[in-house]
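# Reading the structure
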Amino acid sequence: MQVSVIGSSTATPESEEYLFAYRLGQILGERGITVVCGGRGGVMEAVCKGAKEKGGTTVGILPSYTGEDGNEFLDIKINTGMGWNRNPIVVASGEFVIAVGGSYGTLSEIAYSFILGKKVFGYKTHKVDGIVEIEKPEDIFKYLYQ
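Now for a quick tour of the structure. (Residues numbered from 1 in each chain as written. Predicted model: local features only at pLDDT ≥ 70, side-chain atom pairs only at ≥ 80, totals over all residues. Heavy atoms only, no water.)

## Here's the deal with the sheet that holds strand β3 (residues 58-62)
Working definition: the strands of a sheet are paired by backbone hydrogen bonds and lie parallel or antiparallel to each other. Spelled out, the test is: Two strands make a pair as long as DSSP finds a minimum of two bridges between them. A run of H or I in DSSP counts as a helix once it spans at least four residues, and a run of E counts as a strand once it spans at least two, with each numbered from the N terminus. Any two residues whose heavy atoms approach within 4.5 Å are treated as being in contact. All axes here are fitted lines through C-alpha atoms, helices being fitted over the stretch that makes contact, and every angle between N-to-C directions spans 0 to 180 degrees.
Taken together, 7 strands build an open sheet; the order of strands is β4-β3-β2-β1-β5-β6-β7 and the sheet is parallel. Across the chains shown, the open sheet's two edge strands, defined by having one partner strand only, are β4 (76-79) and β7 (132-133). In this structure, β3 lies alongside β4, joined through 4 bridges in parallel fashion. Among the inter-strand pairings, Leu62 is bridged to a residue of β4, identified as Asn79. Along the sheet, helix α4 (residues 104-115) contacts β1 (2-7), β5 (97-100) and β6 (120-123); its crossing angle with β1, the most-contacted strand, is approximately 145°.

Written out as structure tokens, the structure reads:
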């Protein structure tokens, strides 16, 4: 299984969003679920770091042609040269999407998620109809396996 995790590229290690994404990555890694993200810093770095610490696999769909913008916790770098235009690829690559915070880039990914018929979970993200709000990373599983 692959899950797309989207969110703030500016979340700092002390922020709630970063800590949430880090714990989310640990949980996904423990369950052998591959993390797909935009591959950069903030939430993307945090989820990859958590997943790697628990033996998970991480994939970054990067905006550059060279991959120098990828975080150090990526197993697979997909260099697109597409900038923000890679956003639909990020969300299309997961069986469902988890949004953690974020700004306009995350909002566009949420929109693409719904266009593609993906289930979207959200933690402190945009208030959009259809997003299942969660308070802790473990919550996604009670919704998925009903």
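On we go.
## Looking at the pattern of salt bridges
Quick note on the threshold: A carboxyl oxygen of Asp or Glu within 4 Å of a side-chain nitrogen of Lys or Arg is what we treat as a salt bridge. In this scheme, a residue with accessible area under 20% of its type's maximum is buried, one over 50% is exposed, and one in between is partly exposed, where area comes from a 1.4 Å probe on protein chains only.
Under the definition given, this model contains 7 salt bridges. Between Lys136 and Asp139 there is a salt bridge, with its nearest N and O atoms 3.5 Å apart. Classification of Lys136 as partly exposed rests on a relative accessible area of 46%. Between Lys142 and Asp139 there is a salt bridge, and its shortest N-O distance comes to 3.8 Å.

## Comments concerning the packing of aromatic side chains
How we decide: Here the aromatic set is Phe, Tyr and Trp, taking the six-membered ring for Trp, and pairing holds for ring centres within 6.5 Å; pairs whose planes are under 30 degrees apart are stacked, those over 60 apart are edge-to-face, and all others are tilted. Our definition puts a charge over a ring when NZ of Lys or CZ of Arg is within 6 Å of the ring centre and also within 35 degrees of the ring normal.
For the coordinates displayed, the defined rule picks out 2 aromatic pairs. Centroid distance Phe96 to Phe121: 5.6 Å. Interplanar angle 80°. Geometry classified as edge-to-face. Here Phe96, found in the loop between α3 (87-92) and β5, pairs with Phe121, found in strand β6; they are 25 residues apart in sequence, far enough to count as distant. Of note, Arg31 hangs over the ring of Phe141, and the distance from its end group to the ring centre comes to 3.7 Å.

## Regarding the nonpolar core
Put simply, the rule is: Working definition of a nonpolar core: buried Ala, Val, Leu, Ile, Met, Phe, Trp, Tyr and Cys residues. They are joined through side-chain atoms within 4.5 Å.
Counting 30 residues, the largest nonpolar core has Val5, Leu24, Leu28, Ile98 and Ile140 as its most contacted members. Looking at this core, the elements with two or more residues in it are β1, α1 (16-30), β2 (34-37), α2 (43-53), β5, β6 and α5 (139-144). Non-local contacts of Leu24, meaning those with residues more than four positions away in its chain, are made with Val5, Val47, Ile98, Pro137 and Ile140. Membership of the second largest hydrophobic core comes to 11 residues, among which are Ile6, Val90, Val97 and Val120.

## Remarks on the packing of α1 against α2
Convention followed: Handedness of a helix crossing follows the sense of rotation of the near helix relative to the far helix, less than a right angle counterclockwise being left-handed and clockwise being right-handed. All amino acids are sorted into three groups, where Ala, Val, Leu, Ile, Met, Phe, Trp, Tyr, Cys and Pro are nonpolar, Asp, Glu, Lys and Arg are charged, and the leftover types, Gly among them, are polar.
Close contact between α1 and α2 brings their axes to 6 Å; oriented N to C, the two are set at 35°. The way α1 lies across α2 gives a crossing that is right-handed. Note on element contacts: α2 touches α1 through Val43, Glu45, Ala46, Val47, Lys49, Gly50, Ala51 and Glu53, opposite Glu17, Tyr18, Ala21, Tyr22, Leu24, Gly25, Gln26 and Gly29. By residue class, the composition of the contact of α1 with α2 is 8 nonpolar, 4 polar and 4 charged.

## Considering the side chain of Thr106
Secondary-structure assignment places Thr106 in helix α4. The contacts of Thr106, once residues within four sequence positions are left out, are Ile6, Gly7, Ser8, Ala99, Gly101, Thr125 and His126.

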